[in-house]
Amino acid sequence: MAGMQFGIFSVGDVTVDPTTGRAPTEAERIQATVTMAKKVEEVGLDVFATGEHHNPPFVPSSPTTLLGFIAAQTSRLILSTSTTLITTNDPVKIAEDFSVLQHLSGGRADLMLGRGNTGPVYPWFGQDIRAAVPLTVEHYGLLRRLWREKVVDWDGEFRSSLQGFTLAPQPLDGVPPFVWHGSIRTPEIAELAAYYGDGFFANHIFWPASHTERMVGLYRKRFEHYRHGGADQAIVGLGGQVFMRPNSQDAVNEFRPYFDNAPVYGHGPSLEEFTAQTPLTVGSPQQVIDRTLGFRDYVGDYQRQLFLIDHAGLPLKTVLEQLDMLGEEVVPVLRKEFAIGRPERVPDAPTHESLVRAAAEAAADDGSDDTTEEVDT
Amino acid sequence: MSKLVVVTGGLREPSSTRLLADRIDAAVREQLTDQGVETTSEIIELRPIGRAIMDALLTGFAGSDLEAVFEAIDDADGMIAVSPAFNASYSGLFKSFFDVLPEETLSDMPVLIAATGGTERHSLVLEHAMRPMFSYLHAIVSPTGVYAATDDFGAHLSERIGQAARDFARLLRSCGPRQHRDVFTEEINAMESLLRDSAAEPGPGEPLD
């Protein structure tokens with residue numbers, strides 16, 4: 001799994017299939033999600049990430065329950081989120097849930113933090129949306145301490161104080177799960193990721209590529225500003241949205257009713273306009289390969305690519321066929337092509353193993369005198 | 001040198017709203033030129049970008065043509081905004097355009113408001129609909145607007161346009177070239193301060209400035 005990681009991210013929407021007029025039940029949607037996640041591993045991809053929502057028509061309100069169940073039925077798959085709400089979840093509960101998931105999965109858990117864009121979720125969970133940015137900063141600051149300090153004494157504005165709190169279980173091997181920060185267009189989130197040297201994930205599906213380019217560029221610049229490494233060594237992930245058939249016109253014809261009725265962009269621009277304006281690719285596997293390889297032109301060498309393939313009422317059978325094509329035809333080529341010309345100094349996608357190694361090296365460095373970090377040039 | 005944009009929301013071709021917009025535009029430029037201020041203006045008709053405006057409402061992002069329009073407005077020193085009066089207000093298309101225009105674009109922008117309508121009974125659309133909306137958007141709305149009913153095109157319209165143009169020219173000159181806010185950088189700077197002040201652990205090494 002060196003170099004880049006590939007996978008899928010799911011919103012978890014229950015949407016009517018416009019070609020049949022039928023929506024899956026919540027039970028069917030949840031089971032379909034598990035089937036998809038297992039298939040992701042089976043076809044040789046690396047990551048499955050679930051969204052978090054607290055209102056219909058979405059089903060994933062309890063991501064670590066879902067991911068724990070998937071972890072039990074997989075052995076290699078990295079389990080992640082897209083996104084975990086750092087604003088409305090209690091950071092103590094996030095620390096506990098992901099610590100347990102990390103232990104259960106043998107270090108296959110990481111998470112992507114986001115603020116959430118459904119206004120009423122804030123009051124439902126006792127928070128104020130107007131304070132979203134300071135809330136994010138405070139909650140994440142606490143989450144980091146819970147994962148890094150044995151005994152935490154903490155005072156803040158948005159949560160009751162903690163005195164003598166010790167997280168149980170402690171992170172696996174003493175290494176917290178890797179954290180990504182997900183955003184579409186909020187510069188504050190790129191700044192947060194850069195400040196801590198965490199990963200930055202650009203949603204990159206519903207908006208023009210120019211926005212992604214700007215946000216990733218900002219994150220890379222600020223990552224270097226905060227001395228975590230060179231701009232090209234920042235950890236970048238991208239979303240993407242694809243629909244494939246061997247013959248590209250078949251893909252367009254089959255996907256069009258789903259596109260035209262999709263909750264996010266349906267009844268607006270045409271499929272052709274949206275494809276031209278955003279990274280959505282509907283066509284043959286080769287077209288998906290070509291378009292995806294082009295992402296590197298505007299974000300640089302990056303670490304994680306997740307595709308959205310299961311929304312807008314697409315049936316499970318179709319989604320599994322998409323995964324077959326990704327696994328057999330698309331991702332093997334992407335792995336090979338992305339590796340070409342990728343400089344040595346660009347880090348591989350972070351894993352639990354790589355973080356454990358880095359922690360051991362850092363500890364060894366602390367033991368010796370004033371070892372300065374060497375950066376290959 | 002002063003750059004004006006003229007946003008006109010007329011739907012017909014030819015359009016009396018566009019006619020009014022052109023006459024105000026000409027009067028304002030004449031005023032400024034007489035006062036030695038070289039002035040350019042760009043007309044933005046909303047009808048040709050009607051679908052793009054609706055797409056932006058539905059998808060949350062503007063297509064490239066609409067982005068270009070937003071940039072022209074962002075770059076301007078003043079705006080003349082003209083809408084037909086529909087159902088006791090500006091037209092829906094006119095409102096939708098300002099709904100998708102990025103926040104803060106009109107902040108500190110001198111704006112001359114004008115409207116057309118079938119009869120003079122709709123004239124308060126300027127004071128009850130347009131002025132509050134532009135005030136909300138933090139524009140500096142010129143005190144004198146121009147309302148033109150159909151009959152006004154045969155009456156004293158030129159004098160009222162001249163008065164509004166004189167007031168607007170004075171406002172533009174006193175406001176001077178517009179200071180452009182860089183909201184993106186402002187947000188990053190605010191976030192850096194927030195992180196440094198409230199982050200629970202010592203921040204990373206001194207930044208490389």
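Everything below is about the structure printed above this text.
A brief look at the structure comes next. Remember, predicted model here, so these are calculated numbers, not experimental data. (Residues numbered from 1 in each chain as written. Chains lettered and ligands numbered in written order. Predicted model: local features only at pLDDT ≥ 70, side-chain atom pairs only at ≥ 80, totals over all residues.)

### Regarding the environment of V299 of chain A
All names here are of chain A.
(1) Moving on: Here V299 shows up in helix α10 (residues 285-299).
(2) Moving on: The spacing of V299 and I129 is 170 residues in sequence and 31 Å in space, taken between C-alpha atoms.
(3) Moving on: Beyond its immediate stretch of four places on either side in the chain, V299 contacts T212, E213, V216, V236 and L238. (Helix = DSSP H or I, 4+ residues; strand = E, 2+ residues; numbered from the N terminus. Contact = placed C-beta atoms within 7 Å.)

### Description of the sheet that holds strand β8 (residues 179-183) of chain A
Residues and elements named next belong to chain A.
(1) Moving on: Reading across from one edge, β3-β2-β1-β13-β10-β9-β8-β5-β4 is the order of the 9 strands in this open sheet, with parallel pairing throughout. Looking along the sheet, the strands with just one partner apiece sit at the ends: β3 (78-81) and β4 (84-85).
(2) Moving on: Of the strand pairs in this sheet, strand β9 (residues 199-202) and strand β10 (residues 236-238) are connected by 3 bridges, and their pairing is parallel. Across the sheet, F201 pairs through a bridge with G237, a residue of β10. (Pairing = 2+ DSSP bridges.)

### Points about the nonpolar core
One broad rule of soluble globular proteins: the nonpolar side chains tend to lie buried together.
(1) Moving on: Grouped together as the largest cluster of nonpolar side chains are 90 residues, with contacts concentrated most on F48, L79, F200 and Y219 of chain A.
(2) Moving on: If you tally residues by element for this core, the top one is helix α6 (residues 187-196) of chain A, at 7 residues.
(3) Moving on: Sequence-distant contacts of L79 of chain A, defined by excluding residues within four places in its chain, comprise F48, L67, I70, A71, L101, S105, R108 and A109 of chain A.
(4) Moving on: Judged by nonpolar contacts, the second largest core, of 55 residues, contains L106, V111, L112 and M133 of chain B. (Core = buried A, V, L, I, M, F, W, Y, C linked by C-beta atoms within 7 Å. Buried ≥ 20, exposed ≤ 12 C-beta atoms within 10 Å, placed from the backbone.)

### Some points on the interface of chain A and chain B
Quoted interface sizes are often the accessible area lost when the parts come together.
(1) Moving on: Taken residue by residue, the interface counts 28 residues in chain A and 22 residues in chain B.
(2) Moving on: Looking at the side of chain A that touches chain B, the elements with two or more residues in it are α5 (132-148), α6 and α7 (209-225) of chain A.
(3) Moving on: Considering every element that reaches the side of chain A that touches chain B, the biggest residue donor is α5 of chain A, with 8 residues.
(4) Moving on: Here the side of chain A that touches chain B is built from residues that sort into 14 nonpolar, 7 polar and 7 charged. (Nonpolar A, V, L, I, M, F, W, Y, C, P; charged D, E, K, R; others polar.)

### A short note on helix α2 (residues 63-72) of chain A
All names here are of chain A.
(1) Moving on: Restricting attention to buried positions, one finds in α2 the residues P63, T64, L66, L67, I70 and A71. End-on, the buried residues of α2 take up no more than an arc of 155 degrees, which puts them together on one face.
(2) Moving on: The inward-facing, buried residues of α2 contact α1 (26-42), β2 (47-50), β3, β4 and α3 (91-104). (Arc of directions from axis to C-beta.)

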